[in-house]
Amino acid sequence: MSRLHDMGGRFGDGSIPVPRDTDNEVTNSEPTFKYEWHAKAWAITLAAGALGEWNLDISRHYRECLPPKDYINFSYYEKWLAALTNLLIDKKLVSLDELKEYVSAAKNGTLTKFSDKDIKLDERTWLAKDVQKTLGWGGPSIRDTNVNPVFDIGDKVITQNHSPNKDFNGGHTRLPKYAMGRVGIIHSYNNNHVFPDKNAHGLGENPLPLYTVEFKSSELWGELAESQNDSILLDLWEPYLKLLPN
Amino acid sequence: MMIGKKNIDESDNHSHDHAHSHLPSDPELRVKAVETLLLNKGLIDSKTLDELIDTYENRIGPKNGAKVVAKAWVDPVYKKRLLNDATSAIRELSYQGRQGENMVVVENTPETHNVIVCTLCSCYPWPVLGIPPTWYKSDEYRSRTVREPRKVLLEFGLSLDPKVQIKVWDSTAEIRYLVLPMRPKGTENMDESELSELVTRNSMIGTGLPKEIK
């Protein structure tokens, strides 16, 4: 993956697109989805995810694996749709020929949805009657394991420097670049969670201790820090961290 | 010679070793093609799509979070539970599940102001705030909030005293954060439901404050 998604601290981005009302006041009420196709891209991604062929970490990894040119050019939901398309093909839910056929029909204006009676639902398909129940369950990432946390609250730790993913060069990880090789303090221990660096590559859940680690703003940004008082807190898995003497 | 977009071949914009490079350039058409294919193969059901969209457009949103905040403002025992075990305390109000499986609530005080961001993607507490607004998912918010939160907050019209400590929480795992803003002055006589009307979405992300009493 390109790590273009890992943009914390990057320079060059302009003003936040804060929505304002007609009196130029910041508004808290935009539509949930700006365009119908945003809603559809989002909903088909959720519904296809419910088929159970991939997990949350894999779907994130697929978005991060879009070619750099596409990652930069695509809007948010275009990234979702592109990653979904690649997953559908890779997991063999859809063939490339089928995709090409539907794309060409869409371009020619001949796209036709079958009538409901002609559609045979797959046995894995997420049904409307189950939507609220499934949303209510969610997909917890906490796992009961006998793994005990190595670090205590208040311990001084340093994060991994290059390529935290030990199984794949450039593989998925949740340690952002801006916090690599930095010293922080264990703020809390949050139980054991599925480890994305493995789970995103289909290597199993490998639940490991997850900590919230506090970094002084000056540790991350040096002289650029806006205030010596400010801090940034990240949720980091144990393998990202090494103990330092206090 | 043609001027503008038309003389760019679609192949110029995509690398061809990915399936998604075969999709049409118009995003609306692109979604329609994939959606129709999945519907016709019976892999998704259109009623499920409608139910999902309706749920997050009309039922799950910042009004939920506002009720949690208002309850914490009027009920100190609830507030204690909320700060100790947010997932359970929020579940008491029947808000739970997807993208809110492990909740943590962080409290604003006169000394500390909390701000939530997800620099790696767009993690956001769906059961209490719904689907994130466009600005939360923007490159600008994701890149700048961890490095210059004070400048970012100014763009939201929020100017903090230099003595106030800012804590920025980057949602890098599956913990989802909600800010408990400070109760506005002059609201002593308001009840829970009136108070919940003062709680803005941005105040629960840390990019705003609750509405003031005029």
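This is a predicted model, so every value here is computed, not measured.

Cut-offs applied
- Residues numbered from 1 in each chain as written.
- Chains lettered and ligands numbered in written order.
- Predicted model: local features only at pLDDT ≥ 70, side-chain atom pairs only at ≥ 80, totals over all residues.
- Helix = DSSP H or I, 4+ residues; strand = E, 2+ residues; numbered from the N terminus.
- Buried ≥ 20, exposed ≤ 12 C-beta atoms within 10 Å, placed from the backbone.
- Contact = placed C-beta atoms within 7 Å.
- Expected span 1.5 Å × (residues − 1).
- Domains from an automatic or database assignment.
- Axes fitted to C-alpha atoms, helices over the stretch in contact; angles between N-to-C directions.
- Left-handed = near helix turned anticlockwise from the far one by under 90°.
- Nonpolar A, V, L, I, M, F, W, Y, C, P; charged D, E, K, R; others polar.
- Pairing = 2+ DSSP bridges.
- Core = buried A, V, L, I, M, F, W, Y, C linked by C-beta atoms within 7 Å.

### Concerning the overall build of chain A
If you tally the helices and strands in chain A, you get 8 helices and 5 strands. Considering only C-alpha atoms, chain A reaches an extent of 70 × 55 × 35 Å along its principal axes. Buried positions account for 38% of the 246 residues belonging to chain A. Within chain A, contacts between residues at least 6 apart in sequence are counted, and of these 64% link residues at least 24 apart.

### Topic: helix α1 (residues 36–49) of chain A
Along its 14 residues, α1 of chain A runs 20 Å from first to last C-alpha, staying within 8% of the 20 Å computed at 1.5 Å per residue. Counting buried positions along α1 of chain A yields 12 of 14 residues, so the element is predominantly enclosed. Summarising the contacts, the buried residues of α1 of chain A are in contact with α4 (76–90) of chain A together with α1 (27–40) and α2 (46–59) of chain B.

### Overview of the domain arrangement of chain B
Structurally, chain B comprises domain 1 (29–59) and domain 2 (60–205). Its C-alpha centre places domain 1 of chain B at a distance of 30 Å from the equivalent point of domain 2 of chain B.

### Digging into the packing of α1 of chain A against α1 of chain B
Axis separation between α1 of chain A and α1 of chain B bottoms out at 10 Å; the angle between their running directions is 35°. The hand of the α1 of chain A/α1 of chain B crossing is left-handed. On α1 of chain B, the residues that touch Trp37, Lys40, Ala41, Ile44 and Ala48 of chain A of α1 of chain A are Pro27, Glu28, Val31, Val34, Glu35 and Leu38 of chain B. Within the contact of α1 of chain A with α1 of chain B, the residues separate by chemical class into 8 nonpolar, no polar and 3 charged.

### With respect to the interface of chain A and chain B
On the side of chain B, 82 residues touch chain A, which itself brings 88 residues to the contact. Looking at the side of chain A that touches chain B, the elements with two or more residues in it are α1, α3 (68–73), α4, α5 (96–108), α6 (131–137), β2 (183–193) and β4 (231–237) of chain A. Of the residues in the side of chain A that touches chain B, the class split is 49 nonpolar, 19 polar and 20 charged. Sheet analysis places β4 of chain A next to strand β3 (residues 165–170) of chain B, joined by 4 bridges and oriented parallel. Looking at β3 of chain B, one finds that Leu234 of chain A is bridged to Asp170 of chain B.

### So, the nonpolar core
If you look at soluble globular proteins, the nonpolar side chains tend to sit buried side by side. Ranked by size, the top nonpolar core spans 69 residues in total, and within it Val213 and Leu236 of chain A together with Val69, Ala86 and Leu178 of chain B carry the most contacts. Per-element accounting of this core gives the leading share, 6 residues, to helix α3 (residues 62–74) of chain B. Those residues in contact with Leu236 of chain A, other than ones at most four positions away along the chain, are Thr159, Leu175, Tyr211, Val213 and Leu241 of chain A together with Thr172 of chain B. Core analysis: the next-biggest nonpolar cluster, separate from the first, contains 42 residues, Leu81 and Ala200 of chain A together with Ala33 and Leu38 of chain B among them.

### Brief notes about unusual backbone geometry
Residue and element names in this part refer to chain A. One non-glycine residue, Arg3, lies in positive phi territory at about 65°. Counting through the fold element by element, Arg3 comes out in the segment before α1. Here Arg3 falls in the partly exposed class, since 14 other C-beta atoms lie within 10 Å of it. Positive phi outside glycine occurs at Asn191, with the angle close to 75°. Here Asn191 shows up in strand β2. Judged by the 15 C-beta atoms lying within 10 Å of it, Asn191 falls in the partly exposed class.

### Remarks on the domain arrangement of chain A
Domain annotation of chain A identifies domain 1 (36–135) and domain 2 (156–244). Contacts between the two partners involve 6 residues from domain 1 of chain A and, on the opposite side, 5 residues from domain 2 of chain A.

### Brief notes about helix α2 (residues 56–64) of chain A
An α-helical turn contains 3.6 residues, so any two residues separated by three or four positions project in the same direction. Counted residue by residue, α2 of chain A has 7 buried out of 9 residues, so it is predominantly covered. Burial in α2 of chain A covers these residues: Asp57, Ile58, Arg60, His61, Tyr62, Arg63 and Glu64 of chain A.

### As for the sheet that holds strand β1 (residues 156–159) of chain A
Ordered by their spatial adjacency, 7 strands build an open sheet running β5(A)-β1(A)-β2(A)-β3(A)-β4(A)-β3(B)-β2(B), and the pairing between neighbours is mixed. Since the sheet does not close on itself, it has two edges, and those belong to β5 (241–244) of chain A together with β2 (112–117) of chain B, each with one partner. Geometrically, the sheet is characterised by an average inter-axis angle of 35° between neighbouring strands, direction not taken into account.

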